[in-house]
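Listed here are the chains, written in short residue letters.
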Amino acid sequence: MSLGKVIPLNTDAKIPQIGLGTWLSKPNEVENAVEIAVRNGYRHLDLARVYQNQDEVGRALKKVIPSVVSREELFITSKLWNSSHQPQTVEAALDETLNQLGVSYLDLYLIHWPVAFAPGNGLFPVQSNGSEMELDTETSLVDTWKAMIKLLDTGKVKAIGVSNFSIAHIQGLIDATGVVPTANQIEAHPLLPQDDLVAYCKEKGIHITAYSPLGNNLVGIPMLTENTVVQEVAEKLGATPAQVLIAWGAYRGYSVIPKSVNESRIISNFKQVELSKGDYEKVSSIGAGNVRRYNIPVTYKPKWNINVFNEEIEKSALTQAKIV
């Protein structure tokens, strides 16, 4: 079993430290994964409209609520997709997610990306050239954030936050509204520690949830579970490499959402180990001079022609996020 750790949020709610991620899960796999996870102690589920599997999650929830858990025992996060950033569409997008899941509220609702797509043409509106997404360069992040703030009065969300946001993006929201996001969900692993962003979020009381804690296989390079240093620490602790990488994020105070649809790995990932300072530093060392971000939208096909993270590969992008 997990250590059962929970982390307090700036709303006074608590988020379970280990959750189940559902990104990049194939159709018809997620229903089973969620049911297995909840039956084996997971209480934190990370979802999103764009994963196009929330209906499956909803079917799994029907199997475990109330027979295994009550709704109140679960912490459910979902995310507003780029094509619903326009203020008049935000609540309808939330309603769609709630209907898919068969629940009356979310514990946390995030703006998935600091990127607005043109509305009215599905989740992925592609330009006529077929190679780029159609961006909405008029709707600002602050416009969307103000609509998110209004959701708090509906009872349909307990907390609101962001995902893939930089310091500048977040500060812009706070400056314009005075409302601090509860969480920022970011790619976080030993090759991408993002120390400046982590320190900023800590100062502001913004919780960090780490996605892709094991790396990912989008770009055809080995997963971090195959790194020899990670494997050495795992062998020393009698743990799996995945458990070590999850523990690295937990050591830094994150909640961590490893994704798996394999029953044994779902169960194994939830069995937390704890790193000593020495082991933490050893795992951290693999990122020295070797920083890598796996998830960069300008590299997607179709391409998002926008600079989100200011990585070198993004600097030729034609647009920046419109903050205000």
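Residues numbered from 1 in each chain as written. Predicted model: local features only at pLDDT ≥ 70, side-chain atom pairs only at ≥ 80, totals over all residues. Heavy atoms only, no water.

A. The arrangement of the overall build of the protein chain in detail. Each helix and strand in the protein chain was counted, giving 10 helices and 12 strands. Taken over the C-alpha trace, the protein chain has a radius of gyration of 19 Å; the compact-globule value for 324 residues is 20 Å, and the two agree within 12%. Along the three orthogonal principal directions, the C-alpha set of the protein chain runs to about 55 × 50 × 40 Å. In the protein chain, which comprises 324 residues, the proportion classed as buried is 56%. Here the analysis covers contacts within the protein chain between residues at least 6 apart in sequence; of these, 72% occur between residues at least 24 apart. If you average the places of the 30 positive and of the 34 negative side-chain charges in the protein chain, the two averages end up 3 Å apart. (Helix = DSSP H or I, 4+ residues; strand = E, 2+ residues; numbered from the N terminus. Rg over C-alpha atoms; globule rule 2.2 N^0.38 Å. Buried < 20%, exposed > 50% of the residue type's maximum accessible area, 1.4 Å probe, protein only. Contact = heavy atoms within 4.5 Å. Lys, Arg positive; Asp, Glu negative; His and termini not counted. Charge placed at Lys NZ, Arg CZ, Asp CG, Glu CD.)

B. How the structure looks around the pairing of strand E9 (residues 207–211). Taking burial as the measure, the 5 residues of E9 include 5 buried ones, the bulk of the element. Side chains His207, Thr209 and Tyr211 project from E9 onto one buried face, and the interleaved Ile208 and Ala210 project onto a second face that is buried too. Pairing geometry for strand E8 (residues 183–187) and E9, over 5 bridges, is parallel. When the sheet's bridge partners are listed, Ala183 is paired in E9 with His207. (Pairing = 2+ DSSP bridges.)

C. How the structure looks around the pattern of salt bridges. This structure, assessed with the given rule, holds 17 salt bridges. A salt bridge links Glu96 to Arg49, with the nearest nitrogen and oxygen atoms 3.0 Å apart. You can see Glu96 sitting in helix H3 (residues 87–101) and its partner Arg49 sitting in the loop between strand E4 (44–46) and helix H2 (54–64), a full 47 residues away along the chain. One salt bridge connects Arg71 with Asp107, and the closest N-O pair in it is separated by 2.9 Å. Taken as a pair, Arg71 in the loop between H2 and strand E5 (75–80) and Asp107 in the loop between H3 and strand E6 (108–111) lie far apart in primary sequence, 36 residues in all. Here the two residues Arg71 and Asp107 agree in accessibility, since each one is buried. (Salt bridge = Lys/Arg side-chain N within 4 Å of Asp/Glu carboxyl O.)

D. Inspection of the sheet that holds strand E3 (residues 20–21) at higher detail. If you trace the 8 strands from one edge of the open sheet to the other, you get E3-E4-E5-E6-E7-E8-E9-E10, paired in parallel fashion. Looking at the sheet topology across the chains shown, the edges are occupied by E3 and strand E10 (255–256). Of the pairings in the sheet, the one linking E5 to E6 comprises 4 bridges and is parallel in character. Paired with Leu80 across the strands is Ile111, a residue of E6.

E. How the structure looks around the side chain of Asp46. By secondary structure assignment, the location of Asp46 is in strand E4. Residue classification places Asp46 among the buried positions, given a relative accessible area of 2%. Among the polar contacts made by the side chain of Asp46, one reaches the side chain of Gln185 at a distance of 2.8 Å. Ignoring any residue separated from it by four or fewer positions in sequence, one finds Asp46 in contact with Leu20, Gly21, Thr22, Tyr51, Thr77, Lys79, Gln185 and Ile257. (Polar contact = N/O pair within 3.5 Å; in protein donor to acceptor, adjacent residues only side chain to side chain.)

F. Here's a closer look at helix H8 (residues 241–251). Across the 11 residues of H8, 9 count as buried, placing the element largely inside the fold. Taken together, the buried positions of H8 are occupied by Ala242, Gln243, Val244, Leu245, Ile246, Ala247, Trp248, Gly249 and Ala250.

G. Structural view of the environment of Glu314. Relative to the assigned elements, Glu314 resides in the loop between strand E11 (306–307) and strand E12 (319–320). Its relative accessible area of 0% is what places Glu314 among the buried residues. As for Glu314 and Trp304, which are separated by 10 residues in sequence, their C-alpha atoms are 9.9 Å apart. If sequence neighbours within four positions are ignored, Glu314 has contacts with Ile296, Val298, Ile306, Asn307, Val308 and Phe309. Within the structure, the side chain of Glu314 is placed 2.9 Å from the backbone nitrogen of Val308, a separation counted as a polar contact. In terms of polar contacts, Glu314 uses its side chain to reach the backbone amide nitrogen of Asn310, at 2.9 Å.

H. Representation of the nonpolar core in the model. Counting 75 residues, the largest nonpolar core has Leu61, Tyr109, Met148 and Ile170 as its most contacted members. Those residues within four positions of Tyr109 in sequence are excluded, and the remaining contacts are Ser78, Lys79, Leu80, Ala93, Leu94, Met148, Leu151, Val157, Ala159, Ile160 and Gly161. Of all hydrophobic cores here, the second largest spans 16 residues; its members include Val50, Leu123, Val308 and Phe309. (Core = buried A, V, L, I, M, F, W, Y, C linked by side-chain atoms within 4.5 Å.)

I. Main features of the pairing of strand E7 (residues 160–163). Neither face of E7 is open: one carries Ile160 and Val162, the other Gly161 and Ser163, and all of them are buried. As defined by bridge partners, E6 adjoins E7 across 3 bridges and the pair is classed as parallel. Pairing of Tyr109 across the sheet is with Ile160, part of E7. Remark: the E6/helix H4 (residues 141–151)/E7 crossover connection has right-handed handedness. The parallel pair E7 and E8, bridged by helix H5 (residues 167–177), forms a crossover whose chirality is right-handed. (Right-handed = clockwise from strand over helix to strand, strands pointing away.)

Worth remembering: the numbers are spatial, not functional.
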